[in-house]
Amino acid sequence: MWYHKPVVSKELLQSLPNLRIVASSGVGIDHLDLNLLSSFGVKVSNTPFIVSTDTADLGMALMLASSRRLVEGYEMAVSPDTEYFPADWLGAEVSGATLGIVGMGTIGYKVAERAKAFEMKILYHNRSQRKKEESAVGAVYCKKIDDLLQQSDFVLLAVNLTPETHKLIGKRELELMKPTATLINISRGLVVDQDALVEALQNKVIKAAALDVTYPEPLPRDHPLLKLKNVIITPHIGSATKKTRRIMMEEMTESIQAGLAGLPIPHEVL
């Protein structure tokens, strides 16, 4: 499966009685019904680790681009109407600011490593405390997500999409954030209540958003998020580098070969 295609439905599984394995690219498995696949005796694999470095890089890129208003700056610099650069056109500092990471898994931790180099204060919220990781980067654990939201200048989402994280960030959570804060989402679009986000951005409840993921993807061309100056949207490119995509395909091939041969499957999703 690439970009969640083809859709693995009951009808598809019934039409493929000899199917042994579904190899899915990337780390997310929210597009798969694991119970349904298991009932047909079909195994599942993904490529969970290779994507983490590039996705963390993109998270930092979105943070920097949003805070320093790079897209707006580019538009100003190349516009035929620009006669001068205004002296009061300002961005926000990243170095020394507070970053709140929601989800201290592999990707979240790699973001924290990069944030440490920017001398940021790092907070994180996770289902369980990650003492080894927090010690390595000097992060502070927030057992309650509310505490993280209230203190952070940047809130970065790096969680898997599950029933528990579906619309994890909604109207209440956005109102807890600072009016000067930026929301960065590199996980899944449905982790955020998108209607609530539009309202928060329009009403300056928060300052900005930088999103690599939305729902749907791509957004309808008349969607209000596409019209807001305080939003940066990229086309779900967290893992989109030549090297990583090649390795992802190699790992999927290895899993398929193992599944067909009846051998242990690398990165099997259990």
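Bear in mind that the values here come from a model prediction, so they are computed numbers and not experimental data.

Attention now moves to the UniProt feature "domain: D-isomer specific 2-hydroxyacid dehydrogenase catalytic" (unreviewed entry) in the chain. Here, the residues flagged by UniProt with the feature "domain: D-isomer specific 2-hydroxyacid dehydrogenase catalytic" (unreviewed entry) are residues 2-269. Counting secondary structure, residues 2-269 comes out at 37% helix and 12% strand; the distance between its end C-alpha atoms is 16 Å.

Here the UniProt feature "domain: D-isomer specific 2-hydroxyacid dehydrogenase NAD-binding" (unreviewed entry) sits at residues 60-238. Taken end to end, residues 60-238 has its terminal C-alpha atoms 11 Å apart, with 32% of it in helix and 15% in strand.

Turning to the side chain of Ser66, a few remarks are in order. Among the structural elements, Ser66 can be located in helix H3 (residues 52-67). Setting aside anything within four residues of it in sequence, one finds Ser66 in contact with Thr182, Ala208, Ala210 and Ile232.

This brings us to the packing of aromatic side chains. Both the distance between ring centres and the angle between the ring planes are used here to describe each pair of aromatic rings. Per the counting criterion, the structure on display carries one aromatic pair. With 5.1 Å between their ring centres and 45° between their planes, Tyr124 and Tyr141 make a pair best called tilted. Taken as a pair, Tyr124 in strand E4 (residues 121-125) and Tyr141 in strand E5 (residues 140-141) lie far apart in primary sequence, 17 residues in all.

Here Asp212 shows up in the loop between strand E8 (208-211) and strand E9 (231-233). Within the structure, the side chain of Asp212 is placed 2.8 Å from the backbone nitrogen of Ile237, a separation counted as a polar contact. Here Gly238 takes part through its backbone nitrogen, which lies 3.0 Å from a polar atom of the side chain of Asp212. Setting aside chain neighbours within four positions, we find Asp212 in contact with Leu58, Leu62, Asn185, Ile186, Glu217, Thr234, Pro235, His236, Ile237 and Gly238.

A few words on the sheet that holds E9. Strand order across the open sheet formed by seven strands is E5-E4-E3-E6-E7-E8-E9, with parallel pairing between neighbours. Two strands bound the open sheet, and with one partner strand each, they are E5 and E9. Across four bridges, strand E6 (residues 154-157) lies against strand E7 (residues 182-185) in parallel orientation. The residue bridging Val155 from the neighbouring strand is Leu183, located in E7. Docked against the sheet, helix H9 (residues 194-202) engages E7, E8 and E9, running at close to 140° with respect to E8.

We now examine the domain arrangement of the chain. As assigned here, the chain comprises domain 1 (10-49 + 241-261) and domain 2 (51-79 + 92-233). Placing the centre of domain 1 and that of domain 2 at their C-alpha centroids yields a distance of 29 Å. Opposite the 10 residues of domain 1 that make contact, domain 2 presents six residues. Area buried by domain 1 at its contact with domain 2 is led by Val27, Asp30 and Phe49, which between them contribute 58% of it. The partner of Asp30 in a salt bridge is Arg188, with the nearest N and O atoms 3.1 Å apart.

What counts as what
- Residues numbered from 1 in each chain as written.
- Predicted model: local features only at pLDDT ≥ 70, side-chain atom pairs only at ≥ 80, totals over all residues.
- Heavy atoms only, no water.
- UniProt positions renumbered as here; feature names shortened; annotations may be inferred.
- Helix = DSSP H or I, 4+ residues; strand = E, 2+ residues; numbered from the N terminus.
- Contact = heavy atoms within 4.5 Å.
- Phe/Tyr/Trp six-rings, centres within 6.5 Å; stacked < 30°, edge-to-face > 60°.
- Polar contact = N/O pair within 3.5 Å; in protein donor to acceptor, adjacent residues only side chain to side chain.
- Pairing = 2+ DSSP bridges.
- Axes fitted to C-alpha atoms, helices over the stretch in contact; angles between N-to-C directions.
- Domains from an automatic or database assignment.
- Buried area = accessible area lost by both parts, 1.4 Å probe.
- Salt bridge = Lys/Arg side-chain N within 4 Å of Asp/Glu carboxyl O.

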